[in-house]
Amino acid sequence: MVLNHIWGLYASPRAEWQQIDKTHEKFIYPLSHIAIIALIPAICSYFASAHIGWSIGVGDTIKLTHQSALFISIGMYFGLFFGVLALSIMIHDLAEVFDAKPTMTQSLELAAYTATPLLMVGFACLYPELWVICMVGLVGLAYSVYLLYSGTPILMHIPEEKGFIYASSVVTCGMVLLSVLMAVSIILLNSGAGVVYTS
């Protein structure tokens, strides 16, 4: 069942990773999971940008037109979705170095379930204050990293020591990927592509 691991990843992550490893779900399950979870930041940021407005410091509230907010949200959705897929490919390709032989499904499970807390930070967009988003984002990022470190040895079937180094390599790749996504977003926003502000 899609989204059936969310509670377990928060309540008892190690036990949930073992459950994920035992069930051997089909590729469609983690793919559907990330397709649904990536909707959270996209929808919440659309609503915040078009209806509530962003508050940055003491300046005026910034709002976008519905079309601009929709354009940015759709771009965000596909960026996040394909970003997680790219991370799963990196996880799969790095595995050989650490004597692991995961399937693409296992690699996608690790990427999708690890990214879940970070993507659920999207709910914080409903209170669009920059400092709130940053604080909640740091908590989500920290928990995603924790899930990666706890899940890697279990899903990849490698010792804890190798799992730690493997997970550290994945974190590095993930940070590079996140930086690339942010840089592309900034370039697009600064070029004015589809961005129209409203009062």
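**Q** Explain the packing of helix H3 (residues 28-37) against helix H5 (residues 66-94) here, please?
**A** Packed helices, taken two at a time, are described by the angle their axes make and the gap between the axes. At a closest axis distance of 9 Å, the pairing of H3 and H5 adopts a crossing angle of 150°. With respect to H5, the element H3 is oriented roughly antiparallel. For the pair H3 and H5, the sense of crossing is right-handed. Residues Leu31, Ile34 and Ala35 of H3 form the contact with H5, whose own contacting residues are Tyr77, Phe81, Val84 and Leu85. Partitioned by chemical class, the residues of the contact of H3 with H5 number 7 nonpolar, no polar and no charged.

**Q** Explanation requested: the side chain of serine 68 in the structure shown.
**A** Looking at the element boundaries, serine 68 is found in helix H5. There is a polar contact of 3.1 Å between the side chain of serine 68 and the side chain of threonine 65.

**Q** I keep staring at the pattern of salt bridges and nothing clicks. Help me out?
**A** Close approach of charged atoms lets side chains of opposite charge pair. All told, the structure shown has 2 salt bridges when counted by the stated rule. The partner of arginine 14 in a salt bridge is glutamate 160, and the shortest N-O contact between them spans 3.8 Å. Remark: glutamate 160 occurs in helix H8 (residues 160-190) and arginine 14 occurs in helix H2 (residues 13-23); sequence separation between them is 146 residues. Residue classification places glutamate 160 among the partly exposed positions, given a relative accessible area of 46%. When the shortest N-O distance is used, the salt bridge between lysine 162 and aspartate 99 registers 2.7 Å. Of the two residues, lysine 162 sits in helix H8 while aspartate 99 sits in the loop between H5 and helix H6 (104-120), which places them 63 residues apart along the sequence. Lysine 162 sits in the partly exposed class, given a relative accessible area of 32%.

**Q** Whenever I open this one, the packing of aromatic side chains confuses me. Can you help?
**A** Both the distance between ring centres and the angle between the ring planes are used here to describe each pair of aromatic rings. The final tally for this structure, using the stated rule, is 9 aromatic pairs. Ring centres of tryptophan 17 and tyrosine 113 lie 6.5 Å apart, and the angle between their planes is 65°; on these two criteria the pair is classed as edge-to-face. A residue pair is termed long-range when its members are at least 10 positions apart, and tryptophan 17 in helix H2 and tyrosine 113 in helix H6 qualify at 96 residues. Accessibility assignment for this pair places tryptophan 17 and tyrosine 113 in one class, buried.

**Q** Which parts of the structure should I look at to understand the state of the cysteines?
**A** Working definition of a disulfide: a covalent bond connecting the sulfur atoms of two cysteines. This model, assessed by the stated rule, comprises 0 disulfides. Unpaired in terms of disulfides, cysteine 44 finds its nearest cysteine sulfur in cysteine 125, a separation of 6.3 Å. According to the relative accessible area criterion, cysteine 44 is buried, its value standing at 7%.

**Q** Whenever I open this one, a nonpolar patch on the surface confuses me. Can you help?
**A** A contiguous nonpolar patch, built from Leu118, Met175, Leu178, Met182 and Ile186 and spanning about 400 Å² of accessible area, is present on the exposed surface. Ranked by residue count, the leading element in the nonpolar patch is H8, at 4 residues. Looking at the element boundaries, isoleucine 186 is found in helix H8.

**Q** Help me understand the environment of serine 144, please; the structure alone is not making it clear to me.
**A** By the secondary structure assignment, serine 144 is in helix H7 (residues 130-156). With a relative accessible area of 5%, serine 144 lands in the buried category. Ignoring any residue separated from it by four or fewer positions in sequence, one finds serine 144 in contact with Thr114, Ala115, Pro117 and Leu118. A distance of 3.2 Å separates the side chain of serine 144 from the backbone nitrogen of leucine 118, its partner in a polar contact.

**Q** Explanation requested: the environment of leucine 181 in the structure shown.
**A** Within the secondary structure, leucine 181 sits in helix H8. Taking the C-alpha atoms as reference, leucine 181 lies 8.4 Å from leucine 80; in sequence the two are 101 residues apart. If near-sequence neighbours (up to four positions away) are discounted, leucine 181 is found in contact with Gly79 and Gly83.

The rules behind each value
- Residues numbered from 1 in each chain as written.
- Predicted model: local features only at pLDDT ≥ 70, side-chain atom pairs only at ≥ 80, totals over all residues.
- Heavy atoms only, no water.
- Axes fitted to C-alpha atoms, helices over the stretch in contact; angles between N-to-C directions.
- Helix = DSSP H or I, 4+ residues; strand = E, 2+ residues; numbered from the N terminus.
- Parallel < 35°, antiparallel > 145°, perpendicular 65-115°, else oblique.
- Left-handed = near helix turned anticlockwise from the far one by under 90°.
- Contact = heavy atoms within 4.5 Å.
- Nonpolar A, V, L, I, M, F, W, Y, C, P; charged D, E, K, R; others polar.
- Polar contact = N/O pair within 3.5 Å; in protein donor to acceptor, adjacent residues only side chain to side chain.
- Salt bridge = Lys/Arg side-chain N within 4 Å of Asp/Glu carboxyl O.
- Buried < 20%, exposed > 50% of the residue type's maximum accessible area, 1.4 Å probe, protein only.
- Phe/Tyr/Trp six-rings, centres within 6.5 Å; stacked < 30°, edge-to-face > 60°.
- Disulfide = S-S within 2.5 Å.
- Patch = residues over 30% accessible without salt bridge, like charges linked within 9 Å, V, L, I, M, F, W, Y side chains within 5 Å.
- Areas by Shrake-Rupley, 256 points an atom, 1.4 Å probe, with all protein chains shown as cover.

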